[in-house]
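Chain by chain, the residues:
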Amino acid sequence: MDEPELKLAGLLATQSRVDLIRCSTEAGSGHPILSPSVADWEALGFDVSEASDWGRANFDVLEVAMALGDGFTLVSAVYGRSMLHQTAAAWRDAGLGCVEGLHWHEAGFTSKEALRWRPRDHNVSSARAIRDEYVKDE
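Just so we're clear, the structure is a prediction, and the values are computed from it rather than from any experiment. (Residues numbered from 1 in each chain as written. Predicted model: local features only at pLDDT ≥ 70, side-chain atom pairs only at ≥ 80, totals over all residues. Heavy atoms only, no water.)

S.K.: What am I meant to see in the environment of Glu 50 here?
M.R.: Mapped onto the secondary structure, Glu 50 falls in helix H4 (residues 48–56). Owing to a relative accessible area of 18%, Glu 50 belongs among the buried residues under this scheme. Between the C-alpha atoms of Glu 50 and Leu 74, which are 24 residues apart in sequence, the distance is 9.2 Å. (Helix = DSSP H or I, 4+ residues; strand = E, 2+ residues; numbered from the N terminus. Buried < 20%, exposed > 50% of the residue type's maximum accessible area, 1.4 Å probe, protein only.)

Spelled out as structure tokens, the structure:
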């Protein structure tokens, strides 16, 4: 695994701590804010300077996790900022929390696709197996 994949694996492995991360936006502005707790960032494997760098670049924890999982560095994420903000916003608008949104995103689903699978009582694994034709849909 390369470094972004290792970081994403670490992010997903700390699911109980990720549940505490706030994926919010500034009131009314629509711009993400850095979680006020540096400890939350550290729990996800980010050091203080890295969290500060991403925060100063106006990325929140969900956006950072998605960016790293998709192979972005901080510099390349800045150039793809609009797309990353829109992607994370779509997951938030769909009502999928950080952890759940990360799992669906990592599996290659869009937020709209995830919302179609969930009412049919499918989790990420079963939806991926059906989508990839490993099993038939019931």
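After that view, the rundown keeps rolling.
S.K.: I tried to follow the packing of aromatic side chains on my own but got confused; where do I start?
M.R.: Here the distance between the centres and the angle between the planes together describe a pair of aromatic rings. Applying the stated criterion across every chain, the model contains 3 aromatic pairs. Ring geometry for Trp 54 against Phe 59: centres 5.4 Å apart, planes inclined by 75 degrees, an arrangement best described as edge-to-face. Between Trp 104 and Phe 109, the aromatic rings sit 5.1 Å apart at their centres with planes inclined by 80 degrees, giving edge-to-face as the arrangement. Phe 109 carries the same exposure label as Trp 104, and that label is buried. Ring pairing ties together the aromatic residues Trp 104, Phe 109 and Trp 117, which thus form one cluster. Stacked on the ring of Trp 117, the Lys or Arg Arg 120 has its end atom at 4.5 Å from the ring centre. Lying across the ring of Phe 109, Arg 131 places its NZ or CZ 4.3 Å from the centre. (Phe/Tyr/Trp six-rings, centres within 6.5 Å; stacked < 30°, edge-to-face > 60°. Lys NZ or Arg CZ within 6 Å of the ring centre and 35° of its normal.)

S.K.: Explanation requested: the pattern of salt bridges in the structure shown.
M.R.: As a working rule, side chains carrying opposite charge can pair if their charged atoms are close by. Enumeration according to the criterion identifies 4 salt bridges in this entry. Salt-bridge contacts for Arg 92 lead to Asp 60; the nearest nitrogen and oxygen are separated by 2.2 Å. Placement of Arg 92 in helix H7 (residues 81–93) and of Asp 60 in the loop between H4 and helix H5 (61–69) is noted, with a sequence separation of 32 residues between them. By relative accessible area, which is 19% here, Arg 92 ends up buried. For Asp 60, a relative accessible area of 0% translates into the label buried. (Salt bridge = Lys/Arg side-chain N within 4 Å of Asp/Glu carboxyl O.)

S.K.: When you look at unusual backbone geometry in this model, what are you seeing that I'm missing?
M.R.: Backbone geometry follows two general trends: most residues other than glycine have a negative phi, and most peptide bonds adopt the trans configuration. At Asp 121, a position not held by glycine, the phi torsion is positive, near 60 degrees. Counting through the fold element by element, Asp 121 comes out in the loop between helix H9 (111–117) and helix H10 (124–131).

S.K.: What is the right way to read a nonpolar patch on the surface from this model?
M.R.: On the surface, a cluster of nonpolar side chains totalling about 350 Å² of accessible area is made up of Val 75, Val 78 and Tyr 79. With respect to the element layout, Val 78 can be found in helix H6 (residues 74–79). Classification of Val 78 as partly exposed rests on a relative accessible area of 32%. (Patch = residues over 30% accessible without salt bridge, like charges linked within 9 Å, V, L, I, M, F, W, Y side chains within 5 Å. Areas by Shrake-Rupley, 256 points an atom, 1.4 Å probe, with all protein chains shown as cover.)

S.K.: Can you help me understand the packing of H5 against H7 in this one?
M.R.: The relative placement of two packed helices comes down to the angle between their axes together with the axis-to-axis distance. Two elements in contact, H5 and H7, have axes separated by 9 Å at closest approach and are oriented at 115 degrees. As H5 packs across H7, the resulting crossing turns out to be right-handed. Of the residues in H7, those touching H5 at Leu 62, Glu 63, Met 66 and Ala 67 are Leu 84, His 85, Thr 87, Ala 88, Trp 91 and Arg 92. Residues that form the contact of H5 with H7 fall into these classes: 6 nonpolar, 2 polar and 2 charged. (Axes fitted to C-alpha atoms, helices over the stretch in contact; angles between N-to-C directions. Left-handed = near helix turned anticlockwise from the far one by under 90°. Contact = heavy atoms within 4.5 Å. Nonpolar A, V, L, I, M, F, W, Y, C, P; charged D, E, K, R; others polar.)

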